[in-house]
Amino acid sequence: MWKPKERIRHPLPEDRPPTAEEAARARLFSPLTLASGLTLADRTWVPAMVPWRASEEGFVTKDVLDWYGRFAEGEPGVLVVEATGIRDVPSGPLLRIGHDRFLPGLAELTRRVREKSGGRTRLFVQIIDFLRIRRRPPHEKFLETHLVLTPAHRKNLARETGDAAWTEAPDTSVRAFLRATSDEVLDRILDPREREALRFGARERVTDVHEPPIRDLPRVLPSLFAEAARRAKDAGFDGVELHYAHAYTMASFLSARNDREDGYGGSRDARARLPLEVFAAVREAVGRSYTVGCRFLCDEIIEGGSRVDDAIHYARLFARAGMDFLSLSTGGKFEDSKQPKVGEAAYPYTGPSGYECMPTALSDARGPFARQVEKQARIRAALRAEGLDTPTVAAGGIGTFVQAESILANGEADLVAAARQSLADPDWFRKHRAGRGAEVRRCIYSNYCEALDQRHRQVTCQLWDRQDLDAPDAVRSVEGNRRLVAPRWDR
């Protein structure tokens, strides 16, 4: 992961856990009723995390049930299931919802969460579309088989060498030259997308409108999202979260870098057109009394990307359209990601934008804790200034009762999400409600979990994954050296 130039180790912020009586009066543990009519028991929120526990075909497994069941035991107000693919295409051990055959497993998941939370936790599923990205190829293989030779390559080669004969040279000769030449020369012969495909792996963009599947995304995606939402409702989920954040399709339409000229790019309103059409199709499929919200970025961070002012504009559009909540995140883009190793794919949380999404305790002077809340608060304030009361969800380095309660008290958000802290201690909300906050296992923000995710390994937390490995209920990772869920809290 990218690291800031300043390397300051920040201690965990002090907390003042409430007594049970104080917790009962706290804003964090007060109910909230959404416009859909769904009442949340409190303002605590476990956002989507990808744990790499689904089957290779995208089905719910026992490990998936155990993972979400363990979070449900902590009784958060909302638990959001990982990014779940809306297409019926292979995508590895990631959950899918692109066909009715996935419904039995998803229905079992909703039953498990209700059972483990005593019906207290509302369960949403985050539904996502993503474009193709290839692994970084070996240098020789790319130049020999992946690169499609064109007259432009021969023209560039002739210019580079001063030999016009290259304009008529056979493919074998051109490829032999390219394999033997230096990186500097190669950079002058290949175009920017070819250089990227060589050094990072080829990646589709929403602006590749010369490709029919990309050009047709506005025609195809609304119905795919709508059918996925219909399945979520049939499976018993309390709502869906449309994934409009980070490096994926819908976020790329919202990005200021989206310069499509077909009415779905360029201006802010044009960039928001497809996200609004997707939402309209979903709303029609599930009805007004079913909860539908989205997660999107308060700041892309990347050069030329959308910033807070763009996010404010989108938030107003989404709220006026009737979304039930707006969950806010930051960064996590491919455009500034670290070069992957040969044979691996680029990971969108390895550059500066990824750092802003998941900063560590070793940070710059700003530190990692509640780092993005000021931006998120600006979005909520802009909504309220327009008379829009859509709830917003703050997230990013929030791991104490004091932090969460102050965010709500200051009017910076309506709900508070915590991913890494919830992974460190799935019971942390329940412990605070019970007046036993001193027993919370606190996240140290080392991003051990994120490193596992980057390698597509089953995600766990270093604070508990070696604890009581021989306990009867300690299901182990594929490698056999880590437990897959946190030890249960002895109340």
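Cut-offs and rules
Residues numbered from 1 in each chain as written. Predicted model: local features only at pLDDT ≥ 70, side-chain atom pairs only at ≥ 80, totals over all residues. Heavy atoms only, no water. Salt bridge = Lys/Arg side-chain N within 4 Å of Asp/Glu carboxyl O. Helix = DSSP H or I, 4+ residues; strand = E, 2+ residues; numbered from the N terminus. Buried < 20%, exposed > 50% of the residue type's maximum accessible area, 1.4 Å probe, protein only. Pairing = 2+ DSSP bridges. Right-handed = clockwise from strand over helix to strand, strands pointing away. Domains from an automatic or database assignment. UniProt positions renumbered as here; feature names shortened; annotations may be inferred. Expected span 1.5 Å × (residues − 1). Contact = heavy atoms within 4.5 Å.

Draft legend 1. View of the pattern of salt bridges. Considering all chains together, one arrives at 59 salt bridges under this definition. In this structure, D66 engages R112 in a salt bridge whose closest nitrogen and oxygen atoms are separated by 3.4 Å. Linking D66 in helix α2 (residues 62-73) with R112 in helix α3 (residues 103-117), this pair joins segments that are 46 residues apart in sequence. The class of D66 is buried, set by a relative accessible area of 19%. Put simply, R70 and E73 hold a salt bridge, and the shortest N to O gap is 3.2 Å. Of this pair, R70 and E73 both sit in helix α2, 3 residues apart, roughly one helical turn.

Draft legend 2. Layout of the pairing of strand β5 (residues 78-85). With 8 of 8 residues buried, β5 is to be regarded as a mostly interior element. In the sheet, strand β4 (residues 44-46) pairs with β5 via 2 bridges, with the strands oriented parallel. Bridging from a neighbouring strand, W45 pairs with V78 of β5. Pairing between β5 and strand β6 (residues 122-128): 6 bridges, direction parallel. Within the sheet, the bridge partner assigned to G85 lies in β6 and is I128. Crossover handedness for the path β5 to α3 to β6: right-handed.

Draft legend 3. The domain arrangement of the protein, seen in detail. Structurally, the protein comprises domain 1 (8-127 + 207-454) and domain 2 (139-200). Taken over C-alpha atoms, the centre of domain 1 sits 43 Å from the centre of domain 2.

Draft legend 4. Spatial organisation of the UniProt feature "domain: NADH:flavin oxidoreductase/NADH oxidase N-terminal" (unreviewed entry) in the protein. The UniProt entry lists residues 225-329 and 367-436 under the feature "domain: NADH:flavin oxidoreductase/NADH oxidase N-terminal" (unreviewed entry), expressed in the numbering used here. A distance of 21 Å separates the end C-alpha atoms of residues 225-329, which is 47% helix and 18% strand. Split by type, residues 367-436 is 47% helix and 9% strand. Its first and last C-alpha atoms lie 27 Å apart.

Draft legend 5. Quick peek at α2. Taking 1.5 Å as the rise per residue, α2 with 12 residues should run 16 Å; its terminal C-alpha atoms sit 16 Å apart, in good agreement. Counted residue by residue, α2 has 10 buried out of 12 residues, so it is predominantly covered. All of the buried residues along α2 are V64, L65, D66, W67, Y68, G69, R70, F71, A72 and E73. Next to the buried residues of α2 lie β4, β5, α3, α18 (420-424) and α19 (428-433). Note on α2: the residue one or two positions beyond its end, E75, has a positive phi of about 55°.

Draft legend 6. Region of the structure containing helix α16 (residues 373-385). Across its 13 residues, α16 extends 18 Å between first and last C-alpha, which sits within 8% of the 18 Å expected from 1.5 Å per residue. Listed in full, the buried residues belonging to α16 are V373, K375, Q376, A377, I379, R380, A382 and L383. Those residues of α16 that are buried are in contact with β8 (291-299), α14 (308-321), β9 (326-330), β11 (392-394) and α17 (401-409). Note on α16: the residue one or two positions beyond its end, G387, has a positive phi of about 75°.

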